[in-house]
Amino acid sequence: MLEILQYDFIQNALIAGVLISIAAGIIGSLVVVNKITFLTGGIAHSSYGGIGLAIYLGIPVLFGATVFAVLTAVVIAIITLKNRTRIDAIIGMMWASGMAIGIIFVDLTPGYNVDLLSYLFGSIIAVSRDDLIYMSVLDVFIIGIIVYFYKQILAVSYDSEFASLRGINVKFFYTLILILAALCVVAAIKAVGLILVIALLTIPTYLAESFSTKLSTMMIISSILATIFTILGLLVSYAYDISSGASIILVAVVVLAIVKLFKR
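Fair warning: this is a prediction, and the values are worked out from it, not measured in the lab. (Residues numbered from 1 in each chain as written. Predicted model: local features only at pLDDT ≥ 70, side-chain atom pairs only at ≥ 80, totals over all residues. Heavy atoms only, no water.)

Further remarks concern the overall build of the chain. A tally of helices and strands in the chain yields 12 helices and zero strands. Computed over C-alpha atoms, the radius of gyration of the chain comes to 18 Å, within 12% of the 18 Å expected from 2.2 N^0.38 for 264 residues, which places it in the range of a compact globule. In terms of overall dimensions, the chain has a C-alpha envelope of 55 × 50 × 35 Å along the principal axes. In the chain, which comprises 264 residues, the proportion classed as buried is 50%. Partitioning the contacts of the chain with sequence separation of at least 6, the portion at a separation of at least 24 is 76%. Summing over all exposed atoms, the chain offers an accessible surface of approximately 12,800 Å²; the carbon and sulfur share of this is 69%. For the chain, the separation between the mean place of its 13 positive charges and that of its 12 negative charges on side chains is 17 Å. (Helix = DSSP H or I, 4+ residues; strand = E, 2+ residues; numbered from the N terminus. Rg over C-alpha atoms; globule rule 2.2 N^0.38 Å. Buried < 20%, exposed > 50% of the residue type's maximum accessible area, 1.4 Å probe, protein only. Contact = heavy atoms within 4.5 Å. Areas by Shrake-Rupley, 256 points an atom, 1.4 Å probe, with all protein chains shown as cover. Lys, Arg positive; Asp, Glu negative; His and termini not counted. Charge placed at Lys NZ, Arg CZ, Asp CG, Glu CD.)

Direction vectors running N to C along helix α2 (residues 37–46) and helix α4 (residues 61–82) enclose 145°, while the axes themselves pass 9 Å from each other. Crossing geometry of α2 relative to α4 is assigned as right-handed. Contacts between α2 and α4 involve L39, I43 and S46 from the first element and F68, A69, T72, A73, I76 and T80 from the second. Of the residues belonging to the contact of α2 with α4, the class tally is six nonpolar, three polar and no charged. (Axes fitted to C-alpha atoms, helices over the stretch in contact; angles between N-to-C directions. Left-handed = near helix turned anticlockwise from the far one by under 90°. Nonpolar A, V, L, I, M, F, W, Y, C, P; charged D, E, K, R; others polar.)

What follows deals with the environment of F211. Relative to the elements of secondary structure, F211 occurs in the loop between α10 (170–208) and α11 (215–240). Residue classification places F211 among the exposed positions, given a relative accessible area of 52%. Sequence spacing of F211 and I221 is 10 residues, and the spatial spacing of their C-alpha atoms is 8.1 Å.

According to UniProt, the positions carrying the feature "transmembrane region" (unreviewed entry) are residues 12–33, 53–81, 93–112, 132–151, 172–203, 215–235 and 242–262. Spanning residues 172–203, this segment combines 100% helix with 0% strand, and its end C-alpha atoms are found 27 Å apart. As annotated, residues 242–262 comprises 90% helix and 0% strand, and the C-alpha atoms at either end are separated by 29 Å. (UniProt positions renumbered as here; feature names shortened; annotations may be inferred.)

Here we take up the packing of aromatic side chains. Under the defined criterion, the tally for this structure stands at six aromatic pairs. The interplanar angle of 90° and the centroid separation of 4.8 Å between the aromatic rings of Y148 and F149 together place this pair among those described as edge-to-face. The class of F149 is buried, set by a relative accessible area of 19%. A connected cluster of aromatic rings, assembled from ring pairs, spans Y148, F149, F172 and F173. The positively charged end of K260 is found above the aromatic ring belonging to Y206, 4.4 Å away from the centroid. (Phe/Tyr/Trp six-rings, centres within 6.5 Å; stacked < 30°, edge-to-face > 60°. Lys NZ or Arg CZ within 6 Å of the ring centre and 35° of its normal.)

This part covers the nonpolar core. Formed by 78 residues in total, the largest nonpolar core has its most connected members in I27, I51 and L178. Element by element, the count of residues in this core is highest for α10, at 25 residues. Once residues within four sequence positions are removed from consideration, I51 is found in contact with V61, A65, Y119, I189 and L194. Counting seven residues, the second-largest nonpolar core is a separate cluster that includes I203, L207, L225 and V251. (Core = buried A, V, L, I, M, F, W, Y, C linked by side-chain atoms within 4.5 Å.)

A few words now on unusual backbone geometry. In most cases, non-glycine residues show a negative phi, while peptide bonds are predominantly trans. At K35, a residue that is not glycine, the phi angle is positive and equals roughly 55°. Locating K35 in the fold gives a position in the loop between α1 (8–33) and α2. You will see that D241, though not glycine, has its phi angle at about 55°, which is positive. Here D241 is to be found in the loop between α11 and α12 (244–263).

The predicted model of the chain has a mean per-residue pLDDT of 88, with 95% of residues at 70 or higher. The weakest mean pLDDT in the chain belongs to helix α6 (residues 117–121) at 77; the strongest belongs to helix α8 (residues 150–158) at 94. (pLDDT = per-residue confidence, 0-100.)

Listed below in structure tokens is the structure:
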């Protein structure tokens, strides 16, 4: 299997897998602890509107998806902070609207015939050098934010009422967490796609919870597990010539099932 490392696209895919896994492990921990998995799923699917708009305008897809996802995250934060009783309906509406906007803009783009399934289900072997630069910058940004605001994010994640009493701006950090989730989702599009991105954010964290008692430890273990799943999934994908995104998630699911079975 080592001979596959001679190919540039495999090297890029492995580097991308590690970079994405670092972000997914850190942000996935925040998503699970803050119980915002459904909100993150809404952001992920809404970002498809940014993909369609970017294709229509002829700008970089990741840039369009990033702007759209961040704006969606801010809107979701504002709405959910004011009206928590109808969160499911609001997210469902934004979820569907984002997908519809993306599809319409792609349909309006003359002569566009690229396979859109790569954005839905991932195609990590198609990662470019520009994508790697984007992922590297994202990792540095996420790690920097988490390190600088760790105490505030920790307080807001586990006890927002206590954090508010201590003078921490809960609304700001809640919005910041959603924005970081949006950025992570966009970066993971290349690896597992919009449909499967939530699994990459939650499965490693779900496993890491069993082996950690601190949020920081959970982030580290989640990142390591996500890296293992991504690399193994990529190898399975290459060996059997199947979708890379689906392979990564299937490996994660199998490992999760085995761990839970042995724990019982």
